[in-house]
Amino acid sequence: MKEKKKKIRIAVYAVTVLLILAVVAVNLVLGRPPEIREPEPLPTPEPTAEPEPTMEPLPPGEALPTGRQDGVYTVLLVGLDQMSMSTDVIMVMKLDTIRHEINVVSIPRDTIINVDWDPRKINAVYAGSVNFGGNGIDSLAMHVRRLVGFTPDCYAVLNLNTFIEVVDLLGGVDFTVPQEVDYYFDDIEMRLRIYLAPGPQHLDGRQAMAMVRYRQGYTDGDLGRLELQHSFLQACAEQFITLGNIPNAPAVVRTLSENLFTDLSSANIAWFIRQALQCRSENIHFYTLPCEPRNIQNYSYAVPHIDEWLEMLNSSINPLDRDIGYGDLDIVFCGWGGSYGATTGLDGAWYYE
């Protein structure tokens, strides 16, 4: 009798596993890729979607003859603080479905942008657009396009609660915390204080959120925090693409579909997850826009190094079938002798310290 019960339990377990795998298969097979964007000229900004309606529009340009690389998709990934409407995380991801490779470039929150309102930070664009009646993401995508030379195919805006829930769906993440974290957060939805000692530990969603948002203690400021975020996301990716986490894929798809502010459908999200599961962890790479901190008119900025940036851009996230060059960008960059320049737009008079 005991042997019979044991066989029944084994059979039930086997059926359960098969059902889980079947659900995963249905979710992943039915997924479909998003529509890709054709190359386009630099956009003319809509003043009503900007923090200052007096911003000078760029002259309309003509698209250079170009095309897309096969099997390549790009996504603008944004981490939003709903209380301040600041976008503390801005990333552009390129997914290569032929080489099974993912490249992600972070744009520092203090990156200077070529506008005539203060502060001239990429982090201020989303909130400024919302304050002037826009939806935030359209204006941010326009300014990201000026920095990277192409418009990402789609966008996904993640809030703090969704980040926490996804990490918890992964079962938490094993990670070595590099420094002490004493984080306090208080808004209308969440109030918590989290302390983390340095060293290896298993982080749940709230602990992970506290660690990646904590800004104190980095000798190189926000750039140090970006490196931490990259290391943590790498750990998440490695854990998610293991066999043990595949059964969580439907729950992750459902959570992201219900909570992301995105132009992706549930099928698109499932498709992206299926593609990610085909990547090896060593084929997932993270980068940060090369820049240096500068103080300009009493504001702290991250000012790009244009030559280093173009090299990184073309080797990591460029989806076009040609190299992106100076003429594709509208970007402020470091010049000689403490000066600054811009590839287009403003006359540069205010760029000298």
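Residues numbered from 1 in each chain as written. Predicted model: local features only at pLDDT ≥ 70, side-chain atom pairs only at ≥ 80, totals over all residues. Heavy atoms only, no water.

Draft legend 1. The environment of Thr343, seen in detail. Its location among the elements puts Thr343 in the segment after β14 (340-342). On a C-alpha basis, the gap between Thr343 and Asp330 in space is 5.4 Å, while along the polypeptide they are 13 residues apart. Apart from residues no more than four positions distant in its own chain, Thr343 is found in contact with Ile306, Tyr326, Leu329, Asp330, Ile331 and Phe333. A polar contact of 2.7 Å, which involves the side chain of Thr343, links it to the backbone oxygen of Leu329. Within the structure, the side chain of Thr343 is placed 3.0 Å from the backbone nitrogen of Ile331, a separation counted as a polar contact. (Helix = DSSP H or I, 4+ residues; strand = E, 2+ residues; numbered from the N terminus. Contact = heavy atoms within 4.5 Å. Polar contact = N/O pair within 3.5 Å; in protein donor to acceptor, adjacent residues only side chain to side chain.)

Draft legend 2. Broad picture of the packing of helix α7 (residues 249-259) against helix α8 (residues 266-277). Relative to each other, α7 and α8 sit at 135°, their axes nearing to 9 Å. On the basis of the axis angle, α7 is oblique to α8. The handedness of the crossing between α7 and α8 is right-handed. Taken together, the residues of α8 that come into contact with α7 (itself represented by Ala249, Val252, Val253, Leu256 and Ser257) are Ser266, Ile269, Ala270 and Ile273. Grouping the constituent residues of the contact of α7 with α8 by class yields seven nonpolar, two polar and no charged. (Axes fitted to C-alpha atoms, helices over the stretch in contact; angles between N-to-C directions. Parallel < 35°, antiparallel > 145°, perpendicular 65-115°, else oblique. Left-handed = near helix turned anticlockwise from the far one by under 90°. Nonpolar A, V, L, I, M, F, W, Y, C, P; charged D, E, K, R; others polar.)

Draft legend 3. Region of interest: the confidence of the model for the protein chain. Across the protein chain, the average pLDDT comes to 80, with 76% of residues at 70 or higher. Counting interchain partners and residues more than four positions distant, the pLDDT-below-50 stretch residues 5-30 has 14 contacts. Confidence drops under pLDDT 50 across residues 45-65; counting only partners more than four residues distant or on other chains, this segment forms 46 contacts. (pLDDT = per-residue confidence, 0-100.)

Draft legend 4. Just the pattern of salt bridges, in detail. For the coordinates displayed, the defined rule picks out 12 salt bridges. We note a salt bridge from Arg120 to Asp118, for which the minimum N-O separation is 2.5 Å. Relative accessible area serves as the criterion here: at 42%, Asp118 is assigned to the partly exposed category. Put simply, Asp182 and Arg193 hold a salt bridge, and the shortest N to O gap is 3.0 Å. Highlighted residues: Asp182 in strand β6 (residues 181-186) and Arg193 in strand β7 (residues 191-196), separated in sequence by 11 residues. Residue classification places Asp182 among the partly exposed residues on the basis of a relative accessible area of 32%. The class for Arg193 is exposed, based on a relative accessible area of 61%. Here the salt bridges do not stand alone but share partners, grouping Asp81, Asp88, Arg109, Asp110, Lys121 and Arg213 into one network. (Salt bridge = Lys/Arg side-chain N within 4 Å of Asp/Glu carboxyl O. Buried < 20%, exposed > 50% of the residue type's maximum accessible area, 1.4 Å probe, protein only.)

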